[in-house]
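Single-letter residue listing:
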Amino acid sequence: MKTPIPEYLVEVLDGTQDGGEVASYIPELARVNPDRLAAALCMSDGRLYTAGDADTRFTIQSISKPFVYALAVQELGLDEVLKRIGVEPSGETFNSASLDPHTQRPDNPMVNIGAIATHALVRPDATVAERVEHIRAGLSAFAGRELELDLNVCSSELETAFRNLSLAYLVRSVGGFEQDPRGIVEGYTHQCSLLVDARDLAVMAMTLANAGINPVAKERVVDEAVAQQVLSVMTTCGMYDATGDWMTQVGIPAKSGVGGGIIGALPGQVGAAVFSPRLDDVGNSVRGVQAFERFSKDMGMHLLKAPPLSRDVVRRAGVRESNHGPVHAIELQGPLRFSSTERVLRRLQDIPEDTHGVALDLTRVSSVDDVSRRMLMEGLRRLRLEGHPVYFVDPKSAIPDRDLGDGSYPTEAESLDELGLTGLA
Ligand code: GLU
């Protein structure tokens, strides 16, 4: 059997209709082939699917912003970064000269003024060249490949970077950074000139969606909390002035760039990228937006789509006989997270007083998050305090640490049968 996913990607790309214009305010960008079209998906185990011109390289432009923000938050800590750059949607164009009137901070790191301030926070004492190299290496770790710079696009942008220079001077004037604004814009423009293809962008997006671990290299690039912070800001500020439309229609944390790329990062599921250089009025790739709209609808990718209900967590429950009296046995299944574990606690609460013991069978549980582990152990601890012996069947170690919180442990077995519990009443 050949997986249908590559054909699906081709079909999505073929179904998009071009429109808009290639960005021309950076002269060299106007020279790209506007008909290039590519898509890539990266899964959580690093498996890649591509279609179209997935090897065509283009400049990353604004898609560098979330990744440099990730480096800044990783290196300085979130509190320090928040002192300098906010996380509020600006409602203004990407290169607007605006600071929050109360805090004097740029609104967020996804607009140019915030991205320039973010650039300055990374290795603040380094030279321009050292900072650029540090960022190049950092973004290469996200991509799992050594990225290179397009120096033609970079110098072309620098020749006309008056707007970004004015933004850098504005941030500098309110103490947003201490360096020479000219060097910061020079470095920021280099950052925007890193060359990527759709495949690179899909891996970079999946690294964010994969809690900070590059799924191909299997190496951690940033902490889980950092990845979550970056995805949050992409959710509210990633698609220029169309972020509200995007979140309602597509619903995937995303970032686009004037080079024609768009990335989408759906936590735990997929990193996606589309490249097509013609842009709409707000600066998003016309075909890129259409392709993501299809992805979202066809593959149920909207972030706010309700996940499967938790009510199926109890696979079977009933009373079994033991030498000491009736034992209430509960077999669980699927992922344990807050809402499913709440169901389990309700079952434990309803166990009749005259039951001798309680046995939990986790053989079919696929994952247990931290809050669920704590909820479950607390429930068992309370049952034990009320005089019910507790038994635990967890052959796959879904919960490796079985301390009930008071130094005691449940009685363990490989199966309910091994506990000597016979017959469902
Ligand atoms: N280098 C571009 C700029 O600063 C990036 C803009 C973008 O992709 O939105 O103007």
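The structure presented is a predicted model; accordingly, all values stated were derived computationally and were not measured.

### Quick notes on the UniProt feature "binding site: substrate" (unreviewed entry) in the protein chain
The positions UniProt marks with the feature "binding site: substrate" (unreviewed entry) are S62, N112, E157, N164, Y188, Y240 and V258. In the annotated set above, the residues contributing to the lining of the largest cavity are S62, N112, E157, N164, Y188 and V258. Ignoring sequence-local partners within four residues, the contact set of N112 consists of S62, K65, F94, N95, N164, L167 and Y188.

### Remarks on the site of the ligand
Taken together, Y25, Q61, S62, F94, N112, E157, N164, Y188, C192, Y240, G257 and V258 make up all the residues around the ligand. A distance of 2.6 Å is found between an oxygen atom of the ligand and a side-chain nitrogen or oxygen belonging to Y25. In this structure, an oxygen atom belonging to the ligand sits 2.9 Å away from a side-chain N or O atom of N112. The pocket occupied by the ligand, as judged from atoms lying within 2 Å of grid points, is the largest cavity. For the shell around the ligand, the per-class residue count stands at 6 nonpolar, 5 polar and 1 charged.

### Things to note about the environment of K255
Tracing the chain through its elements places K255 in strand β9 (residues 254–256). Judged by relative accessible area, which is 0%, K255 ranks as buried. For the pair K255 and I26, spaced 229 residues apart in the sequence, the C-alpha separation amounts to 19 Å. Setting aside chain neighbours within four positions, we find K255 in contact with S62, I63, K65, P66, M110, M234, G238, M239, Y240, G261, I262 and I263. From its side chain, K255 meets the backbone oxygen of G238 in a polar contact 3.2 Å long.

### Topic: empty space enclosed by the protein
Applying the stated rule across the entire model yields 4 cavities of 30 Å³ or more. Computed from the structure, the largest cavity encloses a volume of approximately 50 Å³. Lining the largest cavity we find Y25, Q61, S62, F94, N112, E157, N164, Y188, C192 and V258. Split by residue class, the lining of the largest cavity holds 5 nonpolar, 4 polar and 1 charged.

### Examining the nonpolar core
L139, L201 and M204 are the most contacted members of the largest nonpolar core, which totals 62 residues. It is helix α9 (residues 198–209) that contributes the most residues to this core, 9 residues altogether. Not counting residues up to four positions away in its chain, the partners in contact with L139 are I60, S64, F67, V68, L71, L147, L194 and M204. Of all hydrophobic cores here, the second largest spans 25 residues; its members include W246, M247, F292 and M301.

### Here's the deal with helix α6 (residues 151–159)
Those residues of α6 that fall on the buried side of the exposure criterion are V153, C154, S156 and E157. Looking down the long axis of α6, one finds its buried residues gathered within 165 degrees of arc, a one-sided arrangement. With respect to the buried face of α6, the exposed residues turned more than 90 degrees away are L151, N152 and E159. In this structure, the buried residues of α6 make contact with β4 (58–59), α7 (162–173) and α8 (181–192).

### Re helix α10 (residues 224–237)
In this model, α10 (14 residues) spans 20 Å end to end at C-alpha, consistent with the 20 Å of a helix rising 1.5 Å per residue. Within α10, the full set of buried residues consists of V226, A227, Q229, V230, L231, V233, M234, T235 and C237. Summarising the contacts, the buried residues of α10 are in contact with α2 (64–76), α3 (78–84), α9, α11 (243–249), β9 and β10 (261–266).

### Observations regarding the packing of aromatic side chains
Following the criterion strictly, the structure yields 7 aromatic pairs and no others. With a centroid separation of 5.7 Å and an interplanar angle of 65 degrees, the aromatic rings of F94 and Y240 are classed as edge-to-face. Taken together, the positions of F94 in the loop between α3 and α4 (112–121) and Y240 in the loop between α10 and α11 put the pair 146 residues apart, joining distant regions of the chain. Each member of the pair, F94 as well as Y240, is classed as buried. The rings of Y8, W246, F292 and F295 are connected pair by pair, giving a single aromatic cluster. A cation over a ring is seen here: K255 above Y240, with NZ or CZ 4.3 Å from the ring centre.

Rules used in this analysis
Residues numbered from 1 in each chain as written. Predicted model: local features only at pLDDT ≥ 70, side-chain atom pairs only at ≥ 80, totals over all residues. Heavy atoms only, no water. UniProt positions renumbered as here; feature names shortened; annotations may be inferred. 1 Å grid on protein atoms, 1.4 Å probe; cavity = no way out; pocket = protein on both sides within 12 Å on 5 of 7 lines; lining within 4 Å. Contact = heavy atoms within 4.5 Å. Near = heavy atom within 4 Å. Polar contact = N/O pair within 3.5 Å; in protein donor to acceptor, adjacent residues only side chain to side chain. Sits in = over half its atoms within 2 Å of the grid points. Nonpolar A, V, L, I, M, F, W, Y, C, P; charged D, E, K, R; others polar. Helix = DSSP H or I, 4+ residues; strand = E, 2+ residues; numbered from the N terminus. Buried < 20%, exposed > 50% of the residue type's maximum accessible area, 1.4 Å probe, protein only. Points joined across faces, edges and corners; volume = space filled by probe spheres on them. Core = buried A, V, L, I, M, F, W, Y, C linked by side-chain atoms within 4.5 Å. Arc of directions from axis to C-beta. Expected span 1.5 Å × (residues − 1). Phe/Tyr/Trp six-rings, centres within 6.5 Å; stacked < 30°, edge-to-face > 60°. Lys NZ or Arg CZ within 6 Å of the ring centre and 35° of its normal.

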